[in-house]
Each structure stands twice: as structure tokens, then as C-alpha cells.
Protein chains: 2
Amino acid sequence: MKELEKLGGSMKRTEFWIKTSKSEQSEAEEPSRNARLLTKAGYVDRQMAGVYAYLPIGFRVLEKIKAIVREEMNAVGGSELIMSSLQPRDLWESTGRWDDEVVDVWFKSQLKDESPVGLAWSHEEPILETIGRQASSYRDLPISVYQFQTKLRNELRAKSGVLRGREFIMKDMYSMHASEQDLADYYERVKQAYVKIYERLGLGNDTFITFASGGAFTKFSHEFQTLCDAGEDWLYLDRAKNIAVNEEVLDEAVKEFNLDKSKLEKVKSAEVGNIFNFGDEKAKDMQVEFIDEAGNKKPLYLGSYGIGITRVMGVLAEKFSDDQGLVWPAAVAPFSVYLIGIGEAGEHAAAELYTKFVQAGIEILWDDRDAKLARVGEKLADSELLGISYRVVVSDKTLEQGKVEFKPRTGEAELLTSGEVLARLSAD
Amino acid sequence: MKELEKLGGSMKRTEFWIKTSKSEQSEAEEPSRNARLLTKAGYVDRQMAGVYAYLPIGFRVLEKIKAIVREEMNAVGGSELIMSSLQPRDLWESTGRWDDEVVDVWFKSQLKDESPVGLAWSHEEPILETIGRQASSYRDLPISVYQFQTKLRNELRAKSGVLRGREFIMKDMYSMHASEQDLADYYERVKQAYVKIYERLGLGNDTFITFASGGAFTKFSHEFQTLCDAGEDWLYLDRAKNIAVNEEVLDEAVKEFNLDKSKLEKVKSAEVGNIFNFGDEKAKDMQVEFIDEAGNKKPLYLGSYGIGITRVMGVLAEKFSDDQGLVWPAAVAPFSVYLIGIGEAGEHAAAELYTKFVQAGIEILWDDRDAKLARVGEKLADSELLGISYRVVVSDKTLEQGKVEFKPRTGEAELLTSGEVLARLSAD
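Residues numbered from 1 in each chain as written. Chains lettered and ligands numbered in written order. Predicted model: local features only at pLDDT ≥ 70, side-chain atom pairs only at ≥ 80, totals over all residues. Heavy atoms only, no water.

Concerning the overall build of chain A
Working step 1: Summing up its helical and strand segments, chain A has 13 helices and 24 strands in all.
Working step 2: Its C-alpha radius of gyration of 24 Å places chain A within 12% of the 22 Å reference for a compact globule of 428 residues.
Working step 3: Expressed as a percentage of its 428 residues, the buried residues of chain A come to 59%.
Working step 4: Of the contacts made within chain A by residues no fewer than 6 positions apart, 68% connect residues no fewer than 24 positions apart.
Working step 5: Computed over 56 positive and 72 negative side-chain charges, the separation of the two mean positions in chain A equals 2 Å. (Helix = DSSP H or I, 4+ residues; strand = E, 2+ residues; numbered from the N terminus. Rg over C-alpha atoms; globule rule 2.2 N^0.38 Å. Buried < 20%, exposed > 50% of the residue type's maximum accessible area, 1.4 Å probe, protein only. Contact = heavy atoms within 4.5 Å. Lys, Arg positive; Asp, Glu negative; His and termini not counted. Charge placed at Lys NZ, Arg CZ, Asp CG, Glu CD.)

Some remarks on helix α2 (residues 33-40) of chain B
Residues and elements named next belong to chain B.
Working step 1: Most of α2 is tucked away, with 7 of its 8 residues classed as buried.
Working step 2: As for α2, its buried residues are in contact with β2 (44-48), β3 (51-54), α9 (309-319), β18 (321-322), β19 (325-326) and α11 (376-386).
Working step 3: Looking one or two places after α2, you find G42, whose phi comes out positive at around 80°.

Focus on helix α3 (residues 56-75) of chain A
Working step 1: With 20 residues, α3(A) extends 28 Å between its outermost C-alpha atoms, agreeing within 8% with the 28 Å of an ideal straight helix rising 1.5 Å per residue.
Working step 2: Within two residues after α3(A), A:G77 carries a phi angle of roughly 80°, on the positive side. (Expected span 1.5 Å × (residues − 1).)

Side note on the pattern of salt bridges
Working step 1: Applying the stated criterion across every chain yields a total of 75 salt bridges over all chains.
Working step 2: Here B:R36 ties to B:E24 by a salt bridge, and the two come within 3.3 Å at their closest N and O atoms. One end of the pair, B:R36, is in helix α2; the other, B:E24, is in the loop between β1 (11-12) and α2, with 12 residues separating them in the sequence.
Working step 3: Taking relative accessible area as the criterion, B:R36 reaches 9% and is therefore assigned buried.
Working step 4: Close ionic contact of B:E124 with B:R97 constitutes a salt bridge, the shortest N to O distance being 2.9 Å. Within this pair, whereas B:E124 is found in helix α5 (residues 124-134), its partner B:R97 is found in the loop between α4 (89-93) and β6 (107-110), the two being separated by 27 residues in sequence. The pair B:E124 / B:R97 is uniform in exposure class, with both members buried.
Working step 5: Connected through shared salt-bridge partners, A:D322, A:E384, A:R391, A:E405, A:K407 and A:R409 make up one network. (Salt bridge = Lys/Arg side-chain N within 4 Å of Asp/Glu carboxyl O.)

Some thoughts on the sheet that holds strand β7 (residues 116-119) of chain B
Residues and elements named next belong to chain B.
Working step 1: Ordered in space as β5-β7-β6, the 3 strands form an open sheet in which the pairing is antiparallel. The sheet is open, and its two borders are formed by β5 (86-88) and β6, each paired with just one other strand. The mean inter-strand angle of the sheet, taken between neighbouring strand axes irrespective of direction, is 40°.
Working step 2: Pairing between β6 and β7: 4 bridges, direction antiparallel. In the sheet register, F107 faces β7, and the bridge partner there is L119. (Pairing = 2+ DSSP bridges. Axes fitted to C-alpha atoms, helices over the stretch in contact; angles between N-to-C directions.)

Brief notes about a negative patch on the surface
Residue and element names in this part refer to chain A.
Working step 1: On the surface, E344, E347, D370, D396 and E400 cluster together into a negatively charged patch.
Working step 2: Contributing elements (two or more residues each) for the negative patch: α10 (343-359) and α12 (396-400).
Working step 3: You can see D396 is positioned in helix α12.
Working step 4: For D396, a relative accessible area of 41% translates into the label partly exposed. (Patch = residues over 30% accessible without salt bridge, like charges linked within 9 Å, V, L, I, M, F, W, Y side chains within 5 Å. Areas by Shrake-Rupley, 256 points an atom, 1.4 Å probe, with all protein chains shown as cover.)

A short note on the pairing of strand β23 (residues 404-408) of chain A
Residue and element names in this part refer to chain A.
Working step 1: By the bridge criterion, 4 bridges tie strand β22 (residues 390-395) to β23 in an arrangement that is antiparallel. Its bridge partner lying in β23, V393 is registered against E405.
Working step 2: The pairing of β23 with strand β24 (residues 414-416) spans 3 bridges and is classified as antiparallel. Considered in β24, the bridge of E405 is made with L415.

Focus on the packing of aromatic side chains
Working step 1: What the rule picks out here adds up to 38 aromatic pairs over all chains.
Working step 2: On the numbers, 5.4 Å between centres and 65° between planes, the contact of B:F211 with B:F220 is edge-to-face. Take B:F211 and B:F220: they sit in the same class, and that class is buried.
Working step 3: Among the aromatic side chains, those forming a connected cluster through ring pairs are A:W92, A:W98, A:W106 and A:W121.
Working step 4: Between the NZ or CZ atom of A:K108 and the centre of the ring of A:W98, over which it lies, the distance is 4.2 Å. (Phe/Tyr/Trp six-rings, centres within 6.5 Å; stacked < 30°, edge-to-face > 60°. Lys NZ or Arg CZ within 6 Å of the ring centre and 35° of its normal.)

Notes on unusual backbone geometry
Working step 1: Residue A:P142 is reached from A:L141 by a cis peptide bond, and omega for that bond is -5°.
Working step 2: Here A:P142 lies in the loop between α5 (124-134) and β8 (143-152).
Working step 3: Even without being a glycine, B:E114 presents a positive backbone phi close to 70°.
Working step 4: Tracing the backbone through its elements, the reader meets B:E114 in the loop between β6 and β7.
Working step 5: B:E114 gets classed as exposed once you look at its relative accessible area, which sits at 59%.
Working step 6: Here B:N242, not a glycine, exhibits a phi torsion of approximately 55°, which is positive.

Regarding the relation of the copies chain B and chain A
Working step 1: Relative to chain A, chain B is turned by 180° and slid 0.0 Å along the rotation axis, the superposed coordinates differing by an RMSD of 0.0 Å. The operation mapping one copy onto its partner corresponds to a two-fold rotation axis.
Working step 2: Most of the interface of chain B is mirrored in chain A, where 100% of its interface residues again form contacts. (Least-squares fit on C-alpha atoms with pLDDT ≥ 70 in both.)

Focus: the sheet that holds strand β1 (residues 11-12) of chain A
Residue and element names in this part refer to chain A.
Working step 1: Strands sit in the order β1-β21-β20-β22-β23-β24 across an open sheet of 6 strands; the sheet is mixed. Unpaired on one side and paired on the other, β1 and β24 mark the two borders of the sheet.
Working step 2: Along the sheet, helix α11 (residues 376-386) contacts β20 (337-342), β21 (364-366), β22 and β23; its crossing angle with β20, the most-contacted strand, is approximately 175°.

Quick look at the interface of chain B and chain A
Working step 1: Contacts between chain B and chain A engage 62 residues on the former and 62 residues on the latter.
Working step 2: Of the roughly 5,500 Å² buried where chain B meets chain A, counting both sides, 62% is carbon and sulfur surface.
Working step 3: Across the chain B-chain A interface, the total number found is 2 salt bridges.
Working step 4: The residue A:D140 makes a salt bridge to B:K19 at a minimum N-O spacing of 3.0 Å.
Working step 5: If you tally residues by element for the side of chain B that touches chain A, the top one is helix α3 (residues 56-75) of chain B, at 5 residues.
Working step 6: Residue composition of the side of chain B that touches chain A, by class: 30 nonpolar, 14 polar and 18 charged. (Buried area = accessible area lost by both parts, 1.4 Å probe. Nonpolar A, V, L, I, M, F, W, Y, C, P; charged D, E, K, R; others polar.)

Description of the side chain of A:N277
Working step 1: If you trace the backbone, A:N277 turns up in strand β14 (residues 265-279).
Working step 2: A distance of 2.7 Å separates a polar atom in the side chain of A:N277 from the backbone nitrogen of A:G279. (Polar contact = N/O pair within 3.5 Å; in protein donor to acceptor, adjacent residues only side chain to side chain.)

Quick look at the packing of α3(B) against helix α6 (residues 180-200) of chain B
Geometry of a packed helix pair, given as the angle between the helix axes and the separation of the axes.
Residue and element names in this part refer to chain B.
Working step 1: Between α3 and α6, the least distance of the axes is 10 Å, while the angle of their chain directions is 155°. Relative to α6, the element α3 lies roughly antiparallel. Crossing geometry of α3 relative to α6 is assigned as right-handed. Taking contact as the criterion, the partners of I68, V69, E71, E72, M73 and A75 in α3 are, on α6, R189, A193, Y194, K196, I197 and R200.
Working step 2: Residue classes in the contact of α3 with α6 are distributed as 7 nonpolar, no polar and 5 charged. (Parallel < 35°, antiparallel > 145°, perpendicular 65-115°, else oblique. Left-handed = near helix turned anticlockwise from the far one by under 90°.)

What about the side chain of B:D367?
Residue and element names in this part refer to chain B.
Working step 1: Note on placement: D367 falls in the loop between β21 (364-366) and α11.
Working step 2: A distance of 2.8 Å separates the side chain of D367 from the side chain of R369, its partner in a polar contact.
Working step 3: Sequence-distant contacts of D367, defined by excluding residues within four places in its chain, comprise R13, Y338, L339, I340 and K379.

Notes on the environment of A:S32
Residue and element names in this part refer to chain A.
Working step 1: Along the chain, the position of S32 falls in the loop between β1 and α2 (33-40).
Working step 2: Each residue touching S32, except ones within four places of it in the same chain, is listed here: K159, S160 and G161.
Working step 3: Reaching out from S32, the side chain makes a polar contact with the backbone nitrogen of G161 at a distance of 3.3 Å.

Things to note about the packing of helix α10 (residues 343-359) of chain B against helix α13 (residues 418-427) of chain B
Residues and elements named next belong to chain B.
Working step 1: Direction vectors running N to C along α10 and α13 enclose 35°, while the axes themselves pass 11 Å from each other. Like other packed secondary-structure pairs, α10 and α13 cross with a definite hand, here right-handed. Contact residues: L353, K356 and F357 in α10; S418, V421, L422 and L425 in α13.
Working step 2: Here the residues of the contact of α10 with α13 sort into 5 nonpolar, 1 polar and 1 charged.

What follows is the structure, given as C-alpha cells:
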């Protein structure tokens, strides 16, 4: 309810810009399936290779994904902020991450005086410099802050649609702690929050906490990998032990967890999130220190926790579609109901239903286009293509029985009274 | 209510990161007053010259400004979307705006194959290319879309704090129409929506619709200028006729509106918004055409409407402060109430009040830091510095009378019962 009101609530199609296509782009035009599906349905538009605009209906899906992530980040005590895209060289030189040989995804530009600036691809350094340095005492710690920020990464190739773009929206959270143990405890809390997020996004069953490469501080980091043929990772699963391992650390993990390598299931997956324990390494590099209880200066402990918001949208598109188009999980569908009135009486009844459903707090997209703008068949096709959870059609024929036609996106149509429809939707 | 829940609602100070400073930066460190005020109070942090991070409490103010703007844009039928920051050269060459000699604020970078990319400083071209081209028929028009997007502009100097940064958040709306008249009508509707926005932001009395330079299509465009000593514009006012003119078009306006130049009042101001009628010029340049009612191809008409969100925050900081700190207008204050408990009984009562106020839907920041973290004097000072609308203090002394101390940010303290406080706040 809250988010939908922010987005302008329910909508009439004539007052909300959606342009769907009858034909799909060819693989030559757009190599990635997620982008072809999303483009055909009018959710995204490619601006350059690896760079997409999110059109109004696509923007709604992003906001729904963000709302779920935001709630769970707030629930673990994160405070939302927004850092900058422009980045100074000095800061990143202090940790050795300015050099293009070390980090090969920088976009760089320069100020009028020709001094260089970078465009942020991550924010560990600026967060430590800004927030970490403000925390001068152990009493200020722990701190957890997060943002939804547009990251730029200069990828060599960009053929995966919104799964891996040169520009994408990321939720990145950073936590700072006075001790290793406090970071470890918080890391575990965030891990559980992530589990909840993927469940709420409809990806719970296919998403695995996965061992991946660690850093100077820990042997492994954790990724959240979702089974997905379009993904770029290979996962090794021991379903009995409920252990998933990224190919990059397979041998170490086999040894560490005493796995039988020959019995591991090898599956394609897409990384939908990652959490990383930096220990006190970054703060040491940058000399970001606090005064501990004993009065000594110590570098603080840093954890970082990412979720690619636009990538999640791409994974959902890859996983949930059929021949008719997209099939969004209810929690992220841009609208709950697609409403169509057929014939004079049907259109009149649709107008009344719209008001009634809006008042009941249902998110509804009413295709109120007149017959010159769109024929009934086009409206029915759009409802499927867009992947809206339920379709409600009201016509002279259904009205004769005092009913409307109610159809879940992948289910069968039924004739119900509008009261029954409302009861079904409210139960959702 | 809706927005505040999204932001995590009310907050305890120990669970929400705010770090205020006792001293202000020097003018040498930070030449702009708005940035000095906002930095001292912990709202922003300078990342580079002209580039600021918006820390959690600053982020809340931005979200409140955005919520007001969003509501009014939705009310004139705008659909929210998000375009990309990365921009291809070809698109901007088609209108002659790629060249650094023509547009001197581009940040540019390059892909791995060394082809150039720009970072968006505005979005007329991509909107026309993406949305305008989708509108193939007059039946698709009009369309109005908007975004809150982080713009990058390579300013030569950056000494105005968040009033004019190299990176800033802008609301930019674009409308497309089948006729000159339809654009003119919509332009007028948006103008009235802007008037409402500045009224809601607490800037209504000091903001003037101002004649400024037009383009190929109209003699004048309209700016919204707010009286502000830190502004960069000079305004000429005829208060009797209610006409404001930007210095850049003074002579033309004097002639056009038959003004007495010698009697005009010359005042310093900051541009907080602008609306621009491009006519069909841009669509002609880009050959973006639709089929009109008679079946002929015609370029469409474009209007563009901007509001600098971070700039509005800077103007508010410049205009509303006193020796104790910031004084936010109620509509954009990050919280409505700053709550302080003094002494054991006072702290206990504060905890109860917090729950009670939260349940009543009041946005409250409870300074629950213990005495080791912050003394009472510091808490009282922070309440003023942060510019929260009301301060509520509960102590053994006030409790003896069954009351709490209630003080508007710039008013006198009164002893009231908590019920009376709630009534005052709810009336707001």
C-alpha cells in the first residue's frame, strides 16, 4: 500500500506510458533473453550496449524490489544514505584500488583543471573515509549504513542484458564494528536478512548461500546464487548437506567441508547478492581508527553487503516467463490486476470496478484505451505479456450473469462476482 | 506518514547514524554557508569540491522534498521512470550538443574499445529518442514522464555548496504533444504545479515565476527564482505588476511588458526550477515524428521541466537558520520531534512517550544516548542544530507536575501534558 501510493497507486492505461511490441528483437539485436522479454513488454529500453533505461512500468518493478530490500535493511538497523558517484583519486590510491591494472572496471574522467575523477563502481573506501572517520570512539560503534546507488562498471563485454550492465542499481550496505566478534555476529544477521529477501522476492527455493573467495581476512566470502541458465557462474551443490560452492573455490571447499567432489551437482547460476568480511584490513590501509574501551587507537572492522537490484529484475525475467510473456512473482508485479472492459456495458462496469478496487487498496492497471487505440485481443495479449498477476475482464456476457471473468496469470479463468474477486485479491 | 514509514519511521538516536560537530568549518575550508551549516549538523559530507554525500539525516530531507515533488508530478499525469547516466555520442551529435564548445559541462569517459561515452547532464535527447520514438501516432500523445536522477556537470568552479554541485539530484520531467496548443496548455498546468510545490516546501512567499531566455521557439522561458543572498542570479521585480525578470533578458522584458526600468527592485536570487518550451525544434533535429489525425508525419512538441532537489535543500539551509543551527520548514524537517529524557524517571518516561508518539504516527527522533555518550547540554544543542521542528523534554521536574516541556524550534518552551503535545502535533 505505501509503496503503491508513492508510485501513483493504481493507473489508467491512457494516463501511464506503456508501449508494448508485437515482435521480439532478434538475438543479433539483443543477445540476452531477459532484455528481449523486458523490451518487448516495454519495461526497459537499451540506451547503449549494457545500458538500459527503466520505463515507467519497469521502474515500478524496481521500486518494489527496492522496497523489500529496504525493509529488511532497516530491520537489521541500517540507515539509508546516498554517497556520490564522482570519486577522488587520492582516496582510492590509499588502498591500491585506483590503478586500472588492479581494478579494470573504472570509468574515469577529468575536471576542468585536468585532474582525474573516477565514477564509483563500489563504495567501501568513501564509506570508511566519511562514516568510519566520524566514529571516533567505540561508543559510536557499530554503525550500519546502506544506499541504492547507480554504479558504473566498464565491462569489456555487455551481452547479458540487465543481468550485468555497464550501469546498474545496487543496494550496498556497509557495517563498521569495534571488534571481530561484533562484525561476525552482524554478518550472520545480514545473512539471515538476505535469506528472507530472496524468499520474499519469490527466489527462495532456487537461491543458495554459496562459498566464494574470501580476502586477506577470511577464507571464504558468501554469495547468494540463484539457479539460472543465463547466469555466469557455475555452482557445485551438495543438496544433502545443503552446501553450495562457487567453482572458483571448489578445491578449497571440498577439503574444508569434507565433500565428495564426484557427487556434487554442477549447475548454472546468477549471483544475486554477496556479503564480504573485510576484517580490519581496509581501515588499516586507510588509517581509519577509533579509541577502544582501554583508550587505545584501533582500526575498525568492516563488512560489506551487496544486492544488484536491476540484476534481480533480470533474473526474475529469465526465470519467470512463458510463451505469452513475463510472469512476475506477486510481490514484485508492477500491478496486481489488469482490468479490461468489453462492449459499452462492460466498459461502464469496468470504470465502476476500478473505483471499487482502488478504494479497497488493490493495485490495478485499467486498460481504458478506446477501440481505436487497442482492440480487445491486444488488451488481452498485453495483460499476459506484461505478466500482471491477475486479469479481470468484464463484458456484456459476464454481466448477464452478474459476474466478471477472473484469471490468474498462469491459471484458468473463472466467473466470479466482484465481491468474490475482491476477497481473493485481499487474501493474497 | 507513508514516506516516513519507508524511511524506517521514527528513530532512536543510537540506531540512526548522526554525527554533529561542535565547530563549524572555516570559510577557507568550505566557502559556502549552506554546506558549512549542513556539514556541522551532519546532513552532508564533502567528497570532493562540488560533490557531497547525503548522510542518513540529510537523505531524509531529500526524500521529503522528493515526495512533495513526486506527488505534484503525479497529479499532472507524469509517469516516473529512470533513464541512464551513460550516454552515447551519436544521439547528442544529432542535436549538436555533444561538442564541448557547445556544452561545456560534459564529463566524458570511454569504453574499453576507446569509443567515447558522456555522463548525462540533462535528458531531452534520450527521452525523445526513447519515449518520443515509441509514440508513433497522435493517439499516443500527450505523454509526460519524469525522473529523479543524479546529474553530473563539470562546473569550472564549485564554491556554492549544494546550491551548484558537480553532482546533484534533479527532478526532470519531459512532456510530448501533438500540437503547439496542447503543449502550451500543459506547460501552464506544470507552472501551477510548480507554484504549489514551492508553497509546500515553505518557499512560496519568496519564490517568483521569472522571465528568462527562451529558445528558437519562444521569446522567454520561465524560471522559479527564490530570494536568496547566496544565489547566483539577479532578479528585477515589479511587485505591483507581480512580474520578475532575470537580468539576462531585462531589456527585452522591459519592452515586452512595458515596465519602468528605473523602478524595478534588484534582488539576489537562486534558481530553484525552470520550465522550457522546445516547440518542435528538437524533434525536427532528431527526426522524431508521429502520424497526425490527417495521416501526415509531423515532429512532436517537447516541454522540459526541472527542479534541483539538492539545490532546494541548499536554498532552505541558506534561508532558514539562526545562531543555533538549521530551522527546517515542517514539511521537509527530517523528524517532527526531538525527544530528550533527563534523569532516571525522565528517561523512563521518554521511552514510554516514544512508543505513544510512534503509535500516533508522529515522526520522532529520540535521543536515547546514555550520559557517557552525550550530556544533556549536548542533546539540547543537537536538537536546535539539527533544526527539528519541536523539542520535547521530560525530566523529574516536569514529571512532578505531570507534564513535559514542549518547545517549537524558534518559539518559547511551555509545560504541557503529553496529551496536549499530541494534540498540537496532530493539528500540524
